[in-house]
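Below are the chains, spelled out letter by letter.
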Amino acid sequence: MRLSRYFLPVLKETPAEAQIVSHRLMLRAGMIRQASAGIYSWLPLGYKVLKRIEDIVHEEQQRAGHIPVLMPTIQSADLWRESGRYDDYGQEMLRIKDRHERDMLYGPTNEELITDIFRAHVGSYKALPLTLYHIQWKFRDEVRPRFGVMRGREFLMKDGYNFDLTKEDALHAYNRHLVTYLRTYERLGLQAIPMRADSGPIGGDDTHEFLVLAETGESEVFYDSAITDLTFGDRAIDYDSREECRAVLDEFTSRYARTDETHDEALFNAIPEERRKSARGIEVGQIFYFGTKYSEPMGATVTNEAGERVPVHMGSHGIGVSRLVGAIIEASHDEKGIVWPDEVAPFGVGIVNLKQGDAAADAACEDAYAKLSAAGLDPLYDDREERAGAKFATMDLIGLPWRLTIGPRGLAAGTVELTRRKTGETQELSLESALARLTA
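We now turn to the structure provided with this report. (Residues numbered from 1 in each chain as written. Predicted model: local features only at pLDDT ≥ 70, side-chain atom pairs only at ≥ 80, totals over all residues. Heavy atoms only, no water.)

Some words on a negative patch on the surface
Here is the rule we go by: A patch is a set of surface residues, each over 30% in relative accessible area and not in a salt bridge, joined within 9 Å for like charges and within 5 Å for the nonpolar side chains Val, Leu, Ile, Met, Phe, Trp and Tyr. What sets the accessible areas is the Shrake-Rupley method with a 1.4 Å probe; for residues, cover comes only from the shown protein chains. Any Lys or Arg side-chain nitrogen found within 4 Å of a carboxyl oxygen on Asp or Glu counts as a salt bridge. The convention is simple: Lys and Arg are positive, Asp and Glu are negative, and His and the chain ends are not counted. Each charge is placed at NZ for Lys, CZ for Arg, CG for Asp and CD for Glu. Here a strand is any run of E in DSSP of at least two residues, a helix any run of H or I of at least four, and the numbering for each starts at the N terminus. Partly exposed residues are those whose accessible area sits between 20% and 50% of the maximum for their type, while under 20% is buried and over 50% is exposed, using a 1.4 Å probe and protein chains only.
Residues Asp238, Asp240, Glu243 and Glu244 make up a contiguous surface patch of negative charge. With respect to the helices and strands, the residue aspartate 238 is situated in the loop between strand S11 (219-224) and helix H6 (242-253). The partly exposed category is assigned to aspartate 238, whose relative accessible area is 39%.

Dropping the structure here:
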């Protein structure tokens, strides 16, 4: 993409309404624009990041054998009355009527709808286990939406639902999801700690939230600092192996880590004092096992091996895809702007032409742009008639992993500059060497 043809409405000044770093930087970098309270339009740069995160979530879910679907945003109130949640959910639910006066709602979650799909098409234990998921927009009518996409009313979420014959089978699905989430967050450049949490309106006894430690987090968390030394890494996992998935759950949840809602002072005080930590955390996902909470009242049953009709055991598992954009920025920025991890960056490298119109600089930039595009690096070429300082400021603000700076003086000496955004380190290399370094 050439910046002269791109829509990137960067702001020089920070809007007064932006209270936290991610909100300020997303507005300044032209990633989002508020449409109304807690509702945002995603502009091209923000949308690219959102799609990259969505793609990673899809890859990790399907790696574990989970099957994507797409459910509507508008649901019938009748399904929620079957489960008993329609009146219990509260004012966060946006309730509406269609032209025929039928009660409808803008879905805040999809347990009822997916259960209705399951009961219509699955009748035998032989079709189990089954996990269906989708990535779809949700709406919760927050009393006080704030912090940009971190606590908006409309948000993009991956929500998945497992259907299993027994509790033991469903708990394996729970453990399997924990593994997929650990992999997902690490690919996004985040350390998200699974913490024992409260189930809220979803229900169920077994639930963990995944929280990223950040000063701007909404939740107070208490944890054993030893948990921050854990990484999942590139280890291979057999998602069908109950033992392997359970071992990962034990590894990442055996140390104390809880939100304020489930904090136990006695258990916390049993940790060595130097490892007792409290902080703020940003919730980026949650997994639940809730048994037959929905399958029993909604008649989602299968025939077991003995020929008996039994309700299936279920769980649900959510990742806040749009919230993750803000969480990544909160965890990865500096005084100049965003510092994107490589896997989610909207463009792989920014090319800065120091003297647009200079024949040698233009030719070298065009050559680099063509070769980097052919290599799949998705470069952003700043070909504007703009001073160098403004070009550098834009590149720092939008946080691309690499900047390739090309100008007449360097070319005369046979060099270009290659700068790593994360470290600020700059190398002077030949153009060929710089391209080889980027495409290695």
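Quick look at the pattern of salt bridges
Inspection of every chain in the model, using the stated rule, returns 32 salt bridges. Of the charged contacts, one joins aspartate 378 and arginine 52 as a salt bridge, the two residues approaching to 3.0 Å between their closest N and O atoms. Separated by 326 residues along the polypeptide, aspartate 378 in the loop between helix H10 (359-374) and strand S20 (379-382) and arginine 52 in helix H2 (residues 44-63) bring together distant segments of the chain. Judged by relative accessible area, which is 26%, arginine 52 ranks as partly exposed. Through salt bridges that share partners, Glu59, Glu60, Arg63, Arg183, Arg187 and Glu343 make up one connected network.

Thoughts on the sheet that holds S20
Rules: Strand pairing is assigned whenever DSSP identifies at least 2 bridges connecting the two strands. Geometry is summarised by axes, namely lines fitted to C-alpha atoms with helices restricted to the contacting stretch, and by angles between N-to-C directions that run from 0 to 180 degrees. Only heavy atoms matter for contacts: two residues are in contact if any of them lie within 4.5 Å across the pair.
With mixed pairing, the 5 strands of this open sheet are ordered in space as S20-S19-S21-S22-S23. Across the chains shown, the open sheet's two edge strands, defined by having one partner strand only, are S20 and strand S23 (426-429). The mean inter-strand angle of the sheet, taken between neighbouring strand axes irrespective of direction, is 20°. The sheet contact formed by strand S19 (residues 349-353) and strand S21 (residues 402-406) spans 5 bridges and is parallel. Paired with valine 352 across the strands is threonine 405, a residue of S21. Along the sheet face, H10 touches S19, S20 and S21 and points at about 170° away from the line of S19. Set on the sheet, helix H13 (residues 431-439) makes contact with S19, S21, strand S22 (416-420) and S23; between it and S21 the angle comes to about 165°.

Observations concerning the nonpolar core
Definition in use: Residues belong to one nonpolar core when they are buried, are Ala, Val, Leu, Ile, Met, Phe, Trp, Tyr or Cys, and are joined through side-chain atoms within 4.5 Å.
One finds Met31, Ile53, Tyr185, Val325 and Trp340 to be the most contacted residues of the largest nonpolar core, which totals 77 residues. A total of 7 residues in this core trace back to one element, the largest contributor, which is helix H5 (residues 167-187). Apart from the residues within four sequence positions on either side, valine 325 is in contact with Met26, Met31, Trp42, Val49, Leu50, Ile53 and Trp340. Counting residues in hydrophobic clusters, the runner-up holds 26 residues, among them Ile114, Phe118, Leu132 and Met314.

As for the sheet that holds strand S4 (residues 74-76)
Taken together, 3 strands build an open sheet; the order of strands is S4-S6-S5 and the sheet is antiparallel. Each of the sheet's edge strands pairs with one partner strand only, and the pair in question is S4 and strand S5 (94-97). Ignoring strand direction, the axes of neighbouring strands in this sheet form an average angle of 40°. The sheet contact formed by S4 and strand S6 (residues 103-106) spans 3 bridges and is antiparallel. Following the sheet pairing, isoleucine 74 is matched in S6 by tyrosine 106.

Details of the side chain of threonine 115
Tracing the sequence through the fold places threonine 115 in helix H4 (residues 111-121). For threonine 115, the contacting residues outside a window of four places in its chain are Phe163, Tyr294, Ser295, Met298, Ala300 and Met314.

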